[in-house]
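Inside the fold
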Amino acid sequence: MQTISINFIVPQGWHELSDKQLRYVYQLLANEFATDEVKTFCLLQWSGTKVIGRQDSGAYLLKKGKFLFEVTLLTLAELLPHLDWLGSIPTVPVRISKINRQHALPADFSEVPFETFIICDNLYQGYLQTQNDELSCQRGQSGACSGYAECSRQCDAVELLDQLGATLYGKSMIFKPYERINIFYWFAALKDTFSRKFPDFFQPVDAATGGILLGLSAASVEDAMNAQIRALTKGDVTKEGEVLALDTHRALTELNAQAREYKELNAKTASK
């Protein structure tokens with residue numbers, strides 16, 4: 001009997017995925033496969049391995065290149081930890097670079113006007129708010145929500161994601177479910193990255209949160225955005241256009257510096 005060695009070569013993180021690979025995993029998520037199922041499908045797909053059939057022993061017969069070999073479920077399960085990162089929001093912003101021939105903005109928002117970031121963040125916060133409203137309703141008393149109300153919230157959430165996608169891709173369109181997952185994952189990862197890069201301005205966030213504005217009403221979000229603009233213009237309305245045209249990273253760098261100075265000033269005042 002001949003012993004062969006089979007190497008499963010797969011991406012090490014979200015940042016290594018091509019557009020085709022991103023579409024594949026987002027489609028699996030849109031189809032609501034369990035996390036381990038997503039990992040298994042991706043392991044086989046990305047390593048160029050096909051399932052030929054199942055043996056009487058319960059093992060699976062796989063084909064990789066010209067080789068046929070058997071693999072038990074236990075062996076496959078032992079390989080899945082290499083794809084554990086698929087179970088979390090990306091740690092760096094990644095996105096499908098083109099949808100319906102429309103090119104996406106830079107994934108990290110480099111050289112993207114601050115005004116565009118503000119628009120996107122408003123839509124993203126609005127989407128999170130619809131999710132919070134739905135969760136609160138589900139936790140409320142039985143019968144508190146009508147079917148119409150639940151449907152309305154879902155439609156609002158979809159519309160907000162589509163509006164966010166229209167800004168990110170430069171054109172209004174009805175996005176497919178897996179494309180909406182791409183939109184959400186992209187901006188959630190971007191906000192998480194910003195929370196680490198600009199920690200004095202953004203509160204630390206986890207994969208499911210939106211940062212400093214999470215849970216605020218629509219009016220509060222607008223007030224917070226206006227406060228950011230006022231901080232950058234230092235109250236000079238004639239500079240608003242200039243501020244909105246700033247590179248997003250440059251604007252957030254300044255806001256982070258102002259937030260840090262404010263905290264230091266408060267700390268000195270409190271110590272007296």
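Everything numeric in this text was worked out from a predicted model, so none of it was measured.

In this section: the sheet that holds strand E1 (residues 49–54). Each strand in a sheet pairs with its neighbour through backbone hydrogen bonds, running either in the same direction (parallel) or in the opposite one (antiparallel). Ordered by their spatial adjacency, three strands build an open sheet running E1-E2-E3, and the pairing between neighbours is antiparallel. Whereas interior strands pair on both sides, the edge strands pair on one side only; in this sheet they are E1 and strand E3 (67–71). Strand after strand, the sheet turns through a mean of 30° between neighbouring axes, direction not considered. Here five bridges tie strand E2 (residues 60–64) to E3, and the two strands are oriented antiparallel to one another. Residue pairing for E3: lysine 64 is matched across the bridge by phenylalanine 67.

So, about the nonpolar core. Trp14, Tyr26, Phe109 and Tyr169 are the most contacted members of the largest nonpolar core, which totals 66 residues. When residues in this core are grouped by element, the largest group, eleven residues, is from helix H6 (residues 177–197).

Right, let's get into the pattern of salt bridges. Taken as a whole and assessed by the stated rule, the structure comprises seven salt bridges. Between lysine 191 and aspartate 121 there is a salt bridge whose closest N-O contact spans 2.8 Å. Linking lysine 191 in helix H6 with aspartate 121 in helix H4 (residues 114–138), this pair joins segments that are 70 residues apart in sequence. Judged by its relative accessible area of 1%, aspartate 121 is buried. In this structure, the salt-bridge partner of arginine 180 is aspartate 162, at a minimum N-O distance of 2.8 Å.

With that settled, consider helix H2 (residues 35–46). With twelve residues, H2 should reach 16 Å at 1.5 Å per residue; the first-to-last C-alpha distance of 16 Å fits that figure. Taken as a whole, H2 has its buried residues at Val38, Lys39, Cys42, Leu43, Leu44 and Trp46. Buried residues along H2 sit in contact with helix H1 (19–30), E1, E2 and helix H3 (73–79). A positive backbone phi angle near 70° is found at glycine 48, which sits one or two residues after H2.

In this fold, threonine 40 is placed in helix H2. Taking the C-alpha atoms as reference points, threonine 40 and leucine 76, 36 residues apart in sequence, are found 7.5 Å from one another.

Rules and cut-offs
The residue numbering used here restarts from 1 in each chain and proceeds along that chain's sequence as written. For this predicted model, a pLDDT threshold of at least 70 governs which residues receive local features, and a threshold of 80 or more governs which side-chain atom pairs are given and counted, while totals over whole chains, interfaces and linings are taken from all residues. In computing side-chain properties, one takes all heavy atoms of the structure into account and sets aside hydrogens as well as water. A pair of strands counts as paired when DSSP detects no fewer than two bridges linking them. Secondary structure counts use DSSP, requiring at least four H or I residues in a row for a helix and at least two E residues in a row for a strand, with both numbered from the N terminus. Angles run from 0 to 180 degrees between N-to-C directions of axes, and those axes are lines fitted to C-alpha atoms, restricted for helices to the stretch in contact. Think of a nonpolar core as a cluster: buried Ala, Val, Leu, Ile, Met, Phe, Trp, Tyr and Cys residues, connected wherever their side-chain atoms sit within 4.5 Å. For the exposure calls, accessible area comes from a 1.4 Å probe over protein chains only, and a residue counts as buried if that area is under 20% of its type's maximum, exposed if over 50%, partly exposed in between. Any carboxyl oxygen of Asp or Glu that lies within 4 Å of a side-chain nitrogen of Lys or Arg is treated as forming a salt bridge with it. Between the first and last residue of a helix there are one fewer steps than residues, each counted as 1.5 Å, and that sum is the expected span. When checking whether two residues touch, look at their non-hydrogen atoms; a contact exists if any pair is within 4.5 Å.

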